[in-house]
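# Observations on the model geometry
Below, each chain spelled out in residue letters.
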Amino acid sequence: MYKILKKEFLNPTVVRMEVSAPEVARRADAGQFIILRATEDGERIPLTVADYDREKGSVTIIFQVVGGTTEILRHMEEGDCLADFAGPLGRKTETEGLKSVAVVGGGVGSAIAYPVAKKLHESGAYVDAIVGFRTRDLVILEDEFRAASSELHVMTDDGTYGERGLVTEVLENLILAGRKYDEVIAIGPLPMMKFVSLLTKKYNIKTVVSMNPIMIDGTGMCGGCRLTVGGETKFACVDGPEFDGHLVDFDEAIRRSAMYRDFEAHAREEACNLFKKEVE
Amino acid sequence: MANMSPKKNEMPQQDPHIRCKNFDEVALGYSAEQAIDEAKRCLNCKTRPCVAGCPVAVKIPEFIACVAEGDFEGAYKIITDTNSLPAVCGRVCPQESQCESKCVRGIKGEPVGIGRLERFVADYHMKNKTEHTARPESNGHKVAIVGAGPSGLSCAGFLAAKGYDVTVFEALHVAGGVLSYGIPEFRLPGEVVKSEIDELRALGVEIRTNIIIGKTIMIDELFEEGYEAVFIGSGAGLPKFMKIPGENLNNVYSANEFLTRINLMGAYRDDSKTPIFHAKHAVVVGGGNVAMDAARSARRTGAEVTLVYRRTENELPARKEEVEHAMEEGVKFEFLTSPIEIHGDGKVEYITCDRMRLSDPDESGRRRPVVIENSEFDIACDCVIMAIGTSPNPLIASATDGLDTQSWGGIVADDVGKTSRDMVWAGGDAVTGAATVILAMGAGKTAAEEIDRAIMGKNQ
């Protein structure tokens, strides 16, 4: 069993959880993911590694409450145990040789972009961090990003915090202002990664995106996570989860990610009802 | 007195019209009376041709003689002497092409129902056992096994029986491999698999789930941890696709994904937390046992099902029994049919196929399917399940220095499972590509004998 060591809400729907999983922590690295089941009858869901502590034997995950499992997870407390926690899966982020990078995070994806920014910053690279959120209440990890970047831009769609606008606007401004990036790393909602990739393609800057499609096993067995990358079918779990943003067919990925949307909403509602019942 | 009936005792079964709406087991199993009656059909031949037909050499006439006398526990002991998973084998082995194909009674009539008797004995033991088999005394040697599927479990069972401390590392959250994620409940109930695995645990086999060898722990680290030998039975889990347009539309599944959702995650149950698309009309592509499993599972989730196969009924690689069951349950077959494109606006709406004909036999005697020009036709459907085969997962080989693989991904191993790495054996689908449960079990057993010999040889 995998004990929850620490749990905190980063915003009303985003939770950070540190989980005891010594075997996973041993080899975990930025860019990789784990598969968990919250309870014995639960579904398997993939979540990207947000942090790890090899000495303590813990792995940190950050998730947004979207479906039944994340709703159940949100109600689990420190000291509770997750039924299953397997990994690390997928390939790690390639940061070697990068000297100047823009790390772009969107919403809960910022949580995944953060360890990448941190790793690059620690290696001595110049890091522009650009993180975008819908509104002020949803802003997460601002202090962490500030400490892990050379320059930080916090954006909100509605202008209630930081700069008003989209991450692509500020990224384009920086490029036009003469910033030279070896690479742009974009992690966030599919539409955000799509538009960052379209922008950087225009300026011919290599761009890496982190895909988080629907999957079951995470080891190449189900094929549910398949994507079209450069005209070829790839499995995000074993070939990724990071891919060249200029080659990913985002429209297909967006469509495939919505396959069980009705079910997810329903499952979350059911989980909510369950918890309401228990509280009464 | 021998029972000279030319026919097997019939297997009691659920009615097709009822069973196509549930996931309960199709075959219900013999009663004790039926088992004894069937056992009496065995002539107890001195030449024992049936044993030669069994990849794990079960002492068939001996166990059947026990059944005939009503000594079912005695029969169980004889079977488990060479077979670690009898309730599984009794259900899913292709007996018609193995033990039963060699049975003398099959010359004039039907062979003895060896598989049905094996299943009866294993089920009897499960229901009536009072205690687990005792754990043998440890010999102090540690062996690691990668993958808790048929080959790994078989290898583990034999080594544990010899006193080895065996640890099986499994990537998924439950043991069983294809027995748990692939073969459906109505053919092999999860409880049966679990019970057989519990027997192995009682023998001392430790199973560690959620460990992906090659990711969580490396093969080399296993040796550092004191394991003296490693057996890789990681199976052939990578699904193949046809590489035709439209394959990434929503509601196109690999059979692996479809069956994993249904079997491993229980998505057919209303209370399951794992979703599955409930199709109105599913098209299954392929003609093997997995295609039959997918078709029959889709049928049970409420779909009309059409199975398309590019050759004719005679070439279907699936077991005859599975094909018959699928037909009885209302699965429609389109033979000499090969898909060329899946169409739909975001999700599957119809599939376009070519009609095929079989060529004249080539030098190898094989008749290849050839496209008939301008024969395209459409099948309206809202789900497509690709069951055209799987290949070995490259994960372990790519993470292990010096472990040679074939160009198609199979791990290179000799007849007894020895790989290019010292003290590393491999067997089952990881070596051969997708085959049967019993062949994988045979490979696991053979490797276990070799591992025993190698470790004992080193320690003399």
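Please read all numbers here as calculations on a predicted model, not as lab measurements.

Summing up its helical and strand segments, chain B has 17 helices and 16 strands in all. Its C-alpha atoms give chain B a radius of gyration of 23 Å, near enough to 23 Å, the size a compact globule of 460 residues would have. The principal-axis extent of the C-alpha atoms belonging to chain B is close to 70 × 60 × 55 Å. When each of the 460 residues of chain B is scored for burial, the buried share is 59%. Residue pairs at least 24 apart in sequence account for 69% of intrachain contacts in chain B once pairs closer than 6 positions are excluded. Roughly 18900 Å² of accessible area belongs to chain B as shown, and the carbon and sulfur atoms make up 49% of that amount. The centroid of the 51 positive side-chain charges in chain B is displaced by 3 Å from the centroid of its 66 negative side-chain charges.

A separate point is the overall build of chain A. Within chain A one finds 9 helices and 16 strands. Its C-alpha atoms put chain A at 55 × 40 × 40 Å along the principal axes. Long-range pairs, those at least 24 residues apart, make up 64% of the contacts in chain A with a sequence separation of at least 6. Accessible area of chain A: about 11900 Å², with a carbon and sulfur share of 49%. Between the centroid of the 34 positive side chains of chain A and the centroid of its 45 negative side chains there is a distance of 3 Å.

Once that is clear, we can look at the domain arrangement of chain B. Residues and elements named next belong to chain B. The domain architecture assigned to chain B consists of domain 1 (16-128), domain 2 (142-236 + 391-458) and domain 3 (241-388). Taking only C-alpha atoms into account, the centre of domain 1 sits 26 Å from that of domain 2. On the domain 1 side of the interface with domain 2, the three residues burying the most area are S84, L85 and V92, jointly 28% of the side's total. Scanning the region where domain 1 abuts domain 2 turns up 0 salt bridges.

For the rest of this paragraph, the subject is the packing of helix 4 (residues 60-68) of chain B against helix 5 (residues 72-80) of chain B. All names here are of chain B. Interhelical geometry of helix 4 versus helix 5 gives an angle of 170 degrees and a closest axis separation of 7 Å. Between helix 4 and helix 5, the angle is such that the two are roughly antiparallel. On helix 5, the residues touching E62, F63, C66 and V67 of helix 4 are F72, G74, A75, I78 and I79. Classifying every residue of the contact of helix 4 with helix 5 by side-chain character gives 7 nonpolar, 1 polar and 1 charged.

Let us now look at the confidence of the model for chain B. With 100% of its residues at a pLDDT of 70 or more, chain B shows a mean pLDDT of 95. Quick note on the complex model: pTM equals 0.94, ipTM equals 0.92.

Another point: the packing of aromatic side chains. The way to describe two aromatic rings as a pair is by their centre distance and the angle between their planes. Residue and element names in this part refer to chain B. Scanning the entire structure with this criterion turns up 11 aromatic pairs over all chains. On the numbers, 6.0 Å between centres and 50 degrees between planes, the contact of F23 with F186 is tilted. Residue F23 is found in the loop between helix 1 (16-19) and helix 2 (32-39), and its partner F186 is found in the loop between helix 9 (178-181) and helix 10 (190-202); the two are separated by 163 residues along the sequence. Relative to Y268, the ring of F23 lies with its centre 4.1 Å away and its plane at 20 degrees, an arrangement referred to as stacked. Of this pair, F23 sits in the loop between helix 1 and helix 2 while Y268 sits in the loop between helix 12 (255-264) and strand 7 (281-285); the two residues are 245 residues apart in sequence, bridging distant segments of the chain. By way of ring pairs, the aromatic residues F23, F186 and Y268 are connected into one cluster. In this arrangement the basic side chain of R300 is found over the ring face of F186, its NZ or CZ atom lying 3.7 Å from the centre. One Lys or Arg, K418, reaches over the ring of W425 and ends 4.8 Å from the middle of that ring.

About the criteria used
Residues numbered from 1 in each chain as written. Chains lettered and ligands numbered in written order. Predicted model: local features only at pLDDT ≥ 70, side-chain atom pairs only at ≥ 80, totals over all residues. Heavy atoms only, no water. Helix = DSSP H or I, 4+ residues; strand = E, 2+ residues; numbered from the N terminus. Rg over C-alpha atoms; globule rule 2.2 N^0.38 Å. Buried < 20%, exposed > 50% of the residue type's maximum accessible area, 1.4 Å probe, protein only. Contact = heavy atoms within 4.5 Å. Areas by Shrake-Rupley, 256 points an atom, 1.4 Å probe, with all protein chains shown as cover. Lys, Arg positive; Asp, Glu negative; His and termini not counted. Charge placed at Lys NZ, Arg CZ, Asp CG, Glu CD. Domains from an automatic or database assignment. Buried area = accessible area lost by both parts, 1.4 Å probe. Salt bridge = Lys/Arg side-chain N within 4 Å of Asp/Glu carboxyl O. Axes fitted to C-alpha atoms, helices over the stretch in contact; angles between N-to-C directions. Parallel < 35°, antiparallel > 145°, perpendicular 65-115°, else oblique. Nonpolar A, V, L, I, M, F, W, Y, C, P; charged D, E, K, R; others polar. pLDDT = per-residue confidence, 0-100. Phe/Tyr/Trp six-rings, centres within 6.5 Å; stacked < 30°, edge-to-face > 60°. Lys NZ or Arg CZ within 6 Å of the ring centre and 35° of its normal.

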